[in-house]
Amino acid sequence: MDTFLAAIHAVAWAVHVGGSITMEWVLRYAQRTMPPSQVGVVCKNAGTRYRWFALASLVAVGASGGAMFLRIDSAELMTRTGSPELSLGDSYGRTLLVLTVCWLALITTVALMAFWLHPAQRKRSSPDMTSQAIAAERLRIGRAIAHMDRALKFELVVSVISIGIGASLHAGGLF
Amino acid sequence: MPSDPDIWLHIIYGYLHDLAVATYLGGAVAMEFVLGPAQGSIPPAQAQVMGQKTSDRFLWLVWASLGIILVTGILRLEHLGRLDWTWPFFNSGLSLEHSYGRTILAMFLLWCVLVVNGSLVTFVFRPRLAGKFTPGTSAAQVTASQTAKMQAATWIQRLTRVDLAVAVVIALMGASLKWGGLI
């Protein structure tokens, strides 16, 4: 059961982190040579799929991480390198807390992208729109794209840092 | 913060190893289930350009990840005292009598499968996809070339799916090492 939970946890983190690296490093690179109209279509399609993958993987990270936390045996923990303890007085406990905060920041960011920033990029147009309304709509979409861009970069940085924090748990923690 | 440089080395090896595995596995999932379908939403000619750009870039990630996984994997084993640089290299626990040793061997063999598949995609099937027609090419040659391209694309898709399954099995085996191995 422990192996199964650890594998689910590792695969879920991998899907999330690898996905955000690929979206930034691969998709963004490919978009540079595409016509703007097709960039929009690809962004919409890939973004819609990616947000559900990212959300599902983060939920799996939380669920498997929570289950692993509940199964931690303090006596077994003491036998590991550095004899870590599950308290805020010990580096292991503090590192676990920071990792949980990172996870919360990630799931909040991805939920914001999925339910607010991504839908906000949809163009609202009607034949009776004035030129001022069209300009305002363009400005609004531009802002939504900029917010999305920042959110994606924040998500990538936090998830890459989280991997480091998680890796340090094997050595007794980082903080 | 740990003050012992040895612990820092342990953390850095683990970090790079986990990050490389995540990049490989998560990247393969994103390529198969996110970028692949997104490619289908644009006209075929543009989709082909996008496919070439994304594959070329992703292959860099694949090879970098596979290299880092091997190097950091060896360094981690050496750091854990299970491997050294003198004959017979493998220390106690890494022999095939122990589940740990068998699991490490299986992981290494599966890593070799990923390298073979990666080589096939990079050096055999990708160049076939990149072929262009020159003026004066006959209709029969165009048809033959298109058939070859479609076959190459099908093979790349198959190999990518095999790689994905293999990477998930490797992750399961890697997770089991903390409890002494899986097989």
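The structure we're discussing is the one just above.
A. Focus on the overall build of chain A. Secondary structure summary: chain A contains 5 helices and 0 strands in total. Its helices and strands in sequence order give chain A the pattern α-α-α-α-α, from N to C terminus. Relative to the 2.2 N^0.38 estimate, which gives 16 Å for 175 residues, the radius of gyration of chain A is 20 Å and therefore markedly larger than a compact globule would have. Judged by the C-alpha coordinates and their principal axes, chain A covers about 70 × 30 × 25 Å. Per-residue burial over chain A gives 43% buried out of 175 residues. Long-range pairs, those at least 24 residues apart, make up 74% of the contacts in chain A with a sequence separation of at least 6. As displayed, chain A has an accessible area near 9,000 Å², and 67% of this comes from carbon and sulfur atoms. Between the mean site of the 16 positive side-chain charges and the mean site of the 10 negative ones, chain A shows a separation of 16 Å.

B. Structural detail: the packing of helix H1 (residues 2-31) of chain A against helix H2 (residues 44-79) of chain B. The N-to-C vectors of H1(A) and H2(B) enclose an angle of 140°; their axes lie 8 Å apart at closest approach. Relative to H2(B), H1(A) is oriented oblique. For the crossing formed where H1(A) meets H2(B), the hand is right-handed. On H2(B), the residues that touch A:Ile21, A:Thr22, A:Trp25, A:Val26, A:Leu27, A:Tyr29 and A:Ala30 of H1(A) are B:Met50, B:Lys53, B:Thr54, B:Arg57, B:Phe58 and B:Leu61. Residues belonging to the contact of H1(A) with H2(B) are distributed by class as follows: 9 nonpolar, 2 polar and 2 charged.

C. Up close: the interface of chain B and chain A. Chain B puts 40 residues into the contact, and the matching count from chain A is 40 residues. For the pair chain B and chain A, the interface holds 0 salt bridges. Our enumeration of links across chain B and chain A arrives at 3 residue pairs in polar contact (both at pLDDT 80 or more). Of all the elements in the fold, those that place two or more residues in the side of chain B that touches chain A are helix H1 (5-39), H2 and helix H4 (139-176) of chain B. Grouping the constituent residues of the side of chain B that touches chain A by class yields 27 nonpolar, 9 polar and 4 charged.

D. Highlighting the side chain of A:Thr3. Tracing the backbone shows A:Thr3 in helix H1. The exposure class of A:Thr3 is buried, given its relative accessible area of 17%. Setting aside residues no more than four positions away along its own chain, A:Thr3 makes contact with B:Leu172, B:Ala175, B:Ser176, B:Trp179 and B:Leu182.

E. A look at the packing of H1(A) against helix H5 (residues 131-168) of chain A. Residues and elements named next belong to chain A. Orientation of H1 relative to H5, taken along the N-to-C sense of each, is 135°, at an axis distance of 10 Å. Relative to H5, the element H1 lies oblique. Handedness of the H1/H5 crossing: left-handed. On H5, the residues touching Trp13, His16, Val17, Ser20, Ile21, Glu24 and Arg28 of H1 are Asp149, Leu152, Lys153, Glu155, Leu156, Ser159, Val160, Ser162 and Ile163. Here the residues of the contact of H1 with H5 are counted per class, giving 7 nonpolar, 4 polar and 5 charged.

F. Local environment of the packing of aromatic side chains. Per the stated rule, a full pass over the model turns up 4 aromatic pairs over all chains. Geometrically, the ring pair formed by A:Trp52 and A:Phe115 is edge-to-face, given 5.8 Å between the ring centres and 65° between the ring planes. With A:Trp52 in helix H2 (residues 36-70) and A:Phe115 in helix H4 (residues 91-120), this pair connects stretches of sequence that are 63 residues apart. With relative accessibility at 42%, the residue A:Trp52 sits in the partly exposed group. Its end group placed over the ring of A:Trp25, B:Arg57 keeps NZ or CZ at 3.9 Å from the ring centre.

G. The side chain of B:Arg126, seen in detail. All names here are of chain B. Following the sequence through the fold, Arg126 ends up in helix H3 (residues 99-130). There is a polar contact of 2.7 Å between the side chain of Arg126 and the side chain of Asp56. Not counting the four nearest positions on each side in its chain, Arg126 is found in contact with Gln52, Ser55, Asp56, Leu59, Val121 and Ile156.

H. Spatial organisation of a nonpolar patch on the surface. Taken together, B:Leu96, B:Leu105, B:Phe108 and B:Leu109 make up a surface patch of nonpolar side chains, about 370 Å² in accessible area. For B:Leu96, the position within the fold is in the loop between H2 and H3.

About the criteria used
Residues numbered from 1 in each chain as written. Chains lettered and ligands numbered in written order. Predicted model: local features only at pLDDT ≥ 70, side-chain atom pairs only at ≥ 80, totals over all residues. Heavy atoms only, no water. Helix = DSSP H or I, 4+ residues; strand = E, 2+ residues; numbered from the N terminus. Rg over C-alpha atoms; globule rule 2.2 N^0.38 Å. Buried < 20%, exposed > 50% of the residue type's maximum accessible area, 1.4 Å probe, protein only. Contact = heavy atoms within 4.5 Å. Areas by Shrake-Rupley, 256 points an atom, 1.4 Å probe, with all protein chains shown as cover. Lys, Arg positive; Asp, Glu negative; His and termini not counted. Charge placed at Lys NZ, Arg CZ, Asp CG, Glu CD. Axes fitted to C-alpha atoms, helices over the stretch in contact; angles between N-to-C directions. Parallel < 35°, antiparallel > 145°, perpendicular 65-115°, else oblique. Left-handed = near helix turned anticlockwise from the far one by under 90°. Nonpolar A, V, L, I, M, F, W, Y, C, P; charged D, E, K, R; others polar. Salt bridge = Lys/Arg side-chain N within 4 Å of Asp/Glu carboxyl O. Polar contact = N/O pair within 3.5 Å; in protein donor to acceptor, adjacent residues only side chain to side chain. Phe/Tyr/Trp six-rings, centres within 6.5 Å; stacked < 30°, edge-to-face > 60°. Lys NZ or Arg CZ within 6 Å of the ring centre and 35° of its normal. Patch = residues over 30% accessible without salt bridge, like charges linked within 9 Å, V, L, I, M, F, W, Y side chains within 5 Å.

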